[in-house]
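Each chain is listed here by its residues.
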Amino acid sequence: MGGLYLAVWAVSPAVALVAFLGMTWFHWGQGDVFALRAFGEADHIRTRSDRWASLIVRGGLPMLVPLLGQPEGYQRVVNGIIELFDPSATAALTPLFRLDTRLALGVGFGVFTLSSLLWTARHVWKSDTSAAGITWDAVEIGVLWVFFWLVPPVFAVGLYFAVWHAVRHIGRLAIVDPAARDALDAGEWPTALWRFYRDATPLTIASLALFVGLYVWVPTDGSLNALLAIYLVGIAVLTLPHVAVVTWMDRVQYGETYH
C-alpha cells in the first residue's frame, strides 16, 4: 500500500497531498474517538453518527485550523512538499489559501464543531447520564482550537503528534499485549514500555530506511524546508498502511466499520 501511494506522489503530487490531508484528518479523528471511548468518560458518544461527528471535529483541528489561523506557514509547507516532484503543481492548490475560501471553511467548521457538541449532548439531556464526558470533550476541543489557531503549523502539528496522538496510540498498543497490560496493571511502566519499544523496533528501522531512500531518490537543495518536505512525504507513505491497520483494530475491538 505504501509503495503504491509513493507512486501517486511521483505522478500527481497535488492529488497525493490532498489524499494525505484527508487520510490524516480521518486517522487523527479516529484516534481521538477511540481514546474518548476507551480511556475516558464518553457516555455522549454512543451512536455511529456521534462517532462520525466527533471524528470529523477532532481530525479537523490539526488538519484544518492551522490553515485558518496560519495560512502563510501552511502554504509554505504544502508548496515545499509538492515542489519536490512538480513545482508547477502548486498552482492547483492556490485557491485553498484565498481569504474567501478560508473564511467559508472557518465558518463551516466552527458551526460543525458547535453542532457536533450539541448533537452528542442530547444523550445527557435525555437521561441522567453525567455531563462530565461532554464537558471534558468541549474543553479539549476549545483548547485545541486555540492551540492550532495561534501556534505555527509545523510546530503545532509536530507537538500534537508527539505528545497527543502518538502517546494515546502507544497506550492502545500496550494494552493489546497481555504481558504489557499485566505490567501496567501492576504499575510496572518500564516493563510495558520496553515491550512496546522491542516490538516497534523492526518497523521503525524499516521506516528510517524509507526516509533514507527518499532522500537519495528525490533531488533537493539540502535546505531545512526541503528536508522537512521529504520527511512529510515519508510520513504520508507510512500513514496509509498504518491507517489500514488501525481501522482493522477498530473493527475487531468495537465492530466499527466507519460506514
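Before reading further, recall that the structure is shown in the block above.
Let us look at the structure shown here. Quick caveat: nothing in here was measured; it's all calculated off a predicted structure. (Residues numbered from 1 in each chain as written. Predicted model: local features only at pLDDT ≥ 70, side-chain atom pairs only at ≥ 80, totals over all residues. Heavy atoms only, no water.)

Side note on helix 11 (residues 224-254)
Phase 1 of the analysis: Spanning 31 residues, helix 11 covers 42 Å between terminal C-alpha atoms, matching the ideal 45 Å at 1.5 Å per step.
Phase 2 of the analysis: The sharpest bend along helix 11 measures roughly 30° and falls at Thr239, with the proline Pro241 sitting one to four residues further on.
Phase 3 of the analysis: Once helix 11 finishes, Gly255 follows within two positions and takes phi at roughly 70°, a positive value. (Helix = DSSP H or I, 4+ residues; strand = E, 2+ residues; numbered from the N terminus. Expected span 1.5 Å × (residues − 1). Bend = angle between axes of the 7 residues up to and from the residue.)

What to know about the nonpolar core
Phase 1 of the analysis: Core analysis: the largest hydrophobic core is formed by 47 residues, its most contacted members being Trp9, Leu17, Leu61, Ile81 and Phe148.
Phase 2 of the analysis: Ignoring any residue separated from it by four or fewer positions in sequence, one finds Phe148 in contact with Leu61, Pro62, Val65, Pro66, Ala156, Val157 and Tyr160. (Core = buried A, V, L, I, M, F, W, Y, C linked by side-chain atoms within 4.5 Å. Buried < 20%, exposed > 50% of the residue type's maximum accessible area, 1.4 Å probe, protein only. Contact = heavy atoms within 4.5 Å.)

Overview of the environment of Trp28
Phase 1 of the analysis: Looking at the element boundaries, Trp28 is found in helix 2 (residues 13-39).
Phase 2 of the analysis: Setting aside anything within four residues of it in sequence, one finds Trp28 in contact with Gly59, Pro62, Met63, Val157, Tyr160, Phe161 and His165.

Notes on empty space enclosed by the protein
Unfilled space is identified by rolling a water-sized probe across the atoms.
Phase 1 of the analysis: On inspection of all chains with the given rule, the structure shows two cavities of 30 Å³ or more.
Phase 2 of the analysis: Approximately 70 Å³ is the volume attributed to the largest cavity.
Phase 3 of the analysis: Taken together, Gly31, Phe34, Ala35, Phe39, His165, Arg168, His169, Arg172 and Val246 make up the lining of the largest cavity.
Phase 4 of the analysis: Counting residues per element, the ones that place at least two in the lining of the largest cavity are helix 2 and helix 8 (153-176).
Phase 5 of the analysis: What the second largest cavity holds in volume is close to 50 Å³.
Phase 6 of the analysis: Every residue along the wall of the second largest cavity is listed here: Ser54, Val57, Arg58, Ser116, Leu117, Thr120, Asp137 and Ile141.
Phase 7 of the analysis: When residues of the lining of the second largest cavity are traced back to their parent elements, those giving at least two are helix 3 (48-63), helix 6 (99-125) and helix 7 (132-150). (1 Å grid on protein atoms, 1.4 Å probe; cavity = no way out; pocket = protein on both sides within 12 Å on 5 of 7 lines; lining within 4 Å. Points joined across faces, edges and corners; volume = space filled by probe spheres on them.)

Notes on the packing of helix 8 against helix 11
Phase 1 of the analysis: Packing of helix 8 against helix 11 leaves a shortest axis separation of 13 Å and a crossing angle of 35°. In this structure, the crossing between helix 8 and helix 11 has a hand that is left-handed. Residues Val154, His165, His169, Arg172, Leu173 and Val176 of helix 8 form the contact with helix 11, whose participating residues are Leu228, His242, Val246, Met249, Asp250 and Gln253.
Phase 2 of the analysis: When the residues that make up the contact of helix 8 with helix 11 are grouped by side-chain class, the tally is six nonpolar, four polar and two charged. (Axes fitted to C-alpha atoms, helices over the stretch in contact; angles between N-to-C directions. Left-handed = near helix turned anticlockwise from the far one by under 90°. Nonpolar A, V, L, I, M, F, W, Y, C, P; charged D, E, K, R; others polar.)

Focus on the packing of aromatic side chains
Phase 1 of the analysis: For the coordinates displayed, the defined rule picks out 15 aromatic pairs.
Phase 2 of the analysis: Considering the side-chain rings of Tyr5 and Trp9, the 6.0 Å spacing of their centres and the 55° angle between planes classify their relative orientation as tilted. Taken together, the residues span about one helical turn, with Tyr5 and Trp9 both in helix 1 (residues 2-11) at a distance of four residues. When sorted by exposure, Tyr5 lands in the same class as Trp9, which is buried.
Phase 3 of the analysis: Measuring from ring centre to ring centre gives 6.0 Å for Trp25 and Phe109, while their planes differ by 85°; the resulting arrangement is edge-to-face. Separated by 84 residues along the polypeptide, Trp25 in helix 2 and Phe109 in helix 6 bring together distant segments of the chain.
Phase 4 of the analysis: Counting every residue linked through ring pairs, the aromatic cluster contains Trp28, Phe147, Phe148, Tyr160, Phe161 and Trp164.
Phase 5 of the analysis: Lying across the ring of Phe34, Arg172 places its NZ or CZ 3.6 Å from the centre. (Phe/Tyr/Trp six-rings, centres within 6.5 Å; stacked < 30°, edge-to-face > 60°. Lys NZ or Arg CZ within 6 Å of the ring centre and 35° of its normal.)

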